[in-house]
Structures are given as structure tokens and as C-alpha cells.
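One letter stands for each residue in the lines below.
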There are 2 protein chains.
Amino acid sequence: MNLESVDTEQLSLKKTLDIVCGKWRLYIVYQLGTEARRYGELRRMIPEVSEKVLVQELKSLVELGMVEKTIYGEVPPRVEYSLTRKALEILPTLRKLTAIGEVFLEP
Amino acid sequence: MNLESVDTEQLSLKKTLDIVCGKWRLYIVYQLGTEARRYGELRRMIPEVSEKVLVQELKSLVELGMVEKTIYGEVPPRVEYSLTRKALEILPTLRKLTAIGEVFLEP
DNA sequence: CGCGGTACTTACTTTTTAGTAGGTAGCGCA
DNA sequence: TGCGCTACCTACTAAAAAGTAAGTACCGCG
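What counts and what doesn't
What you see as residue numbers is a count from 1 along each chain, following the sequence as written. Naming scheme: in the order in which they are written, chains are lettered from A and ligands are numbered from 1. Where totals are concerned, whole chains, interfaces and linings use all residues; where local detail is concerned, this predicted model gives features only for residues with pLDDT of at least 70, and gives and counts side-chain atom pairs only at 80 or more. Excluded from the side-chain calculations are hydrogens and water; all other atoms, namely the structure's heavy atoms, are used. Between two residues, a contact is recorded if the distance between any of their heavy atoms is within 4.5 Å. Here's the idea: put two parts together, see how much 1.4 Å probe accessible area each one loses, and the total over both is what we call buried area. Only one rule defines a salt bridge in this text: a Lys or Arg side-chain nitrogen within 4 Å of an Asp or Glu carboxyl oxygen. Pairs of N or O atoms are called polar contacts if they sit within 3.5 Å, as long as, within protein, a hydrogen donor faces a hydrogen acceptor (for residues adjacent in sequence, only side-chain-to-side-chain pairs). Runs of E in the DSSP output that reach at least two residues are strands. Runs of H or I that reach at least four are helices, and both are numbered from the N terminus. Cysteine sulfur pairs qualify as disulfides if the two atoms are within 2.5 Å. Only protein chains enter the accessibility calculation, which uses a 1.4 Å probe; a residue is then buried when its area is under 20% of its type maximum, exposed when over 50%, and partly exposed in between. In these notes, a set of buried Ala, Val, Leu, Ile, Met, Phe, Trp, Tyr and Cys residues joined through side-chain atoms within 4.5 Å is what counts as a nonpolar core. Only a single heavy atom is needed: when it lies within 4 Å of a molecule or strand, its residue is near that molecule or strand. Residue polarity is assigned by list, with Asp, Glu, Lys and Arg as charged and Ala, Val, Leu, Ile, Met, Phe, Trp, Tyr, Cys and Pro as nonpolar; anything else, Gly included, falls into the polar class.

Asker: Explain the interface of chain A and chain B to me, and be specific about the residues and the numbers.
Answerer: Reports often express the size of an interface as the amount of accessible area lost when the parts come together. Each side of the interface is counted separately: chain A has 36 residues, and chain B has 37 residues. For the pair chain A and chain B, the summed buried surface comes to about 3,200 Å²; carbon and sulfur atoms form 77% of the total. Broken down residue by residue, the surface that chain A buries against chain B is led by Leu13(A), Ile100(A) and Phe104(A), which jointly contribute 21%. Run the count over chain A and chain B and you get zero salt bridges. The tally of links between chain A and chain B comes to eight residue pairs in polar contact (both at pLDDT 80 or more). When residues of the side of chain A that touches chain B are assigned to their parent elements, the largest contribution, 11 residues, is made by helix 1 (residues 3-20) of chain A.

Asker: Quick rundown of the state of the cysteines? Include the residues and the values.
Answerer: What we call a disulfide is simply a covalent bond connecting the sulfur atoms of a pair of cysteines. Enumeration according to the criterion identifies one disulfide over all chains in this entry. Between Cys21(A) and Cys21(B) runs a disulfide, and the two sulfur atoms are separated by 2.5 Å. Handedness here is read from the sign of the S-S torsion; for Cys21(A) and Cys21(B), about -110°, the answer is left-handed. Residue Cys21(A) is located in the loop between helix 1 and helix 2 (25-32), and its partner Cys21(B) is located in the loop between helix 1 (8-20) and helix 2 (25-32); the two belong to separate chains. The same class applies to Cys21(A) as to Cys21(B), namely buried.

Asker: Tell me about the nonpolar core, and name the residues and values.
Answerer: Residues Met66(A), Leu94(A), Met66(B) and Leu94(B) are the most contacted members of the largest nonpolar core, which totals 63 residues. In contact with Met66(B), other than residues within four places in its own chain, are Phe104(A), Ile19(B), Val29(B), Leu61(B), Ser82(B), Leu83(B), Thr84(B), Ala87(B), Ile90(B) and Leu94(B).

Asker: An account of the pattern of salt bridges is requested, with residue identities and associated values reported.
Answerer: Taken as a whole, this structure holds 14 salt bridges over all chains when the rule is applied. Notably, a salt bridge pairs Arg37(B) with Glu41(B), separated by 3.0 Å at the nearest N-O pair. We classify Glu41(B) as partly exposed; its relative accessible area is 26%. Connected through shared salt-bridge partners, Glu74(A), Arg78(A) and Glu80(A) make up one network.

Asker: Can you explain the protein's contact with DNA strand C? Please cite residues and give values.
Answerer: Looking at DNA strand C, there are 21 residues lining it, with Glu51(A), Tyr81(A), Lys23(B), Trp24(B) and Lys52(B) nearest. Of all atoms in DNA strand C that approach within 4 Å of the protein, 60% are sugar or phosphate atoms. A distance of 3.2 Å separates a phosphate oxygen of DNA strand C from a polar atom in the backbone of Gly40(A). Measuring from a sugar or linking oxygen of DNA strand C, one finds a backbone N or O atom of Pro77(A) at 3.1 Å. Looking at the surface near DNA strand C, the elements with two or more residues in it are helix 3 (39-45), helix 4 (51-63) and strand 3 (78-83) of chain A together with helix 4 (51-64) of chain B. For the surface near DNA strand C, the element with the highest residue contribution is helix 4 of chain A, accounting for four residues. A class-by-class count of the residues in the surface near DNA strand C yields nine nonpolar, three polar and nine charged.

The structure is reproduced here in C-alpha cells:
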């Protein structure tokens, strides 16, 4: 094991944590799935999350390269969010993450 | 309104996040691996983490059912930490998590 | 002319997490 | 007698994340 591979592994871990950590982040990704969703649509799908946090999380997901934002110059305004190619690539893995918690759920 | 009361999938997701989230949590689990490690040994393996946070994280991991703490009534004191059966069960999955971040590392 | 719907933004408070810098107690060793 | 080693604990501060509540701007409809 050389220094490069150690460094890459720690970088990958950090990036992984950026993607999965956050009370609502993964849940929003799950809701997006393979569809493009409008902002209001997402809001109604996850009414427990505040608008501030939803907007903030969507912005972070865009910055992380997980989500694409499309603004249609229409009136009334239309904004759609969808998972990027890379996000779709890891979506099956992300969906399997609940298996980790399942092992620890008390019966 | 909380996630806990909804369904098993959301409960599993919450538990998963408890296990993987935290700047040092997964890293400590990786370092433990299949071995039993003494407190001071872990401290030297991860010198970047402060003692306060290391103790705190180990306590959380014990509460989560991820780690077993064994105190040997010796002098000088000896305390060993090791992954539980359940933790060992999910360890391969936890190690594969870096694959998520790898997809997003800029080349 | 106000109402509801579009998609946000802003200011502020609370809660959680992480980091800094010290202290504790028992024992072996020089 | 004081130092280092064991495995912690405590008080405090700083930073990050999450929650609350309100405001913004535009438009069609009645």
C-alpha cells in the first residue's frame, strides 16, 4: 500500500460522507430517483423538511455533481431537478445502504 | 413530525446514518477491522483525532451495538475495543462505501 | 384588488458536532 | 520525588447543521 492509494481512499471516504451525510440528503436523492421533479413536487413529497433546508440541500447536491437543475424560462416559473449520470450510477448502491441499518434494528 | 414513526425503510435509513455519519466514525471502524484494539493503540493509529472525540465516538459506537468494550481489571489498566458480530457482518459493505465517493473524485 | 400558485431568500435561534486545553488516579522506575 | 505510562474526564469555545418564521417577485383568475 503506497501513499497515493491511502490518500485516494481517504479522499473517497470524505466524498462519500459528503454525499450520504445529512438528515435529509439521501432521502431527497431517493425521492428523485430516475425522474425529473419540480421544486414544488419535491416539497410536497417531503413535507417534513423545511423549505430552507430543501433548497440548501438541493444546492449542495448540485455542487456535489449529484443533481442537475434545469430552469425553464416560463411563467409561472418551472424548475426541475434530476439525478446526474454519475448519481444514477451509484443510485443502486445508495438504495442498498438501508441494509446496514436493518441489521441493527431491534426486533 | 419525525422520521422514526413512518416505516421500516426510514428507520433503517436513520440507523444507517447513525452508523456512517460523523467525521471520524467510519474511519475508526475501518481501523478496528477484525482485531481487538487497546485505547492507546487506536489513539496512535489515528493521531489526528482528539482524545475527547475518540472516547466520545467509541462510546457512541458501543451504544449503537457496533463495538464491544472489554475492561481487564489489570494494572496498568487495559481496555480493548472490537467490532461486534453485527458490525463484522456489515464491515464488507462499509468498506465498499468508498466506491461511492470514487465516482465523484475529479481526475 | 386581493388570493393562490410559482420558486425561492433572509434573518434569526437552537441543536449538534468538533476542537482545545487542561485535570485525574494508580503504579513502575530511576 | 517526580516522571511517564495507563485510560480516561471536564470545561469551554468554535463551527456546522437544522429549524422557525417571515418576506420577495411575478402572474392569472375572479
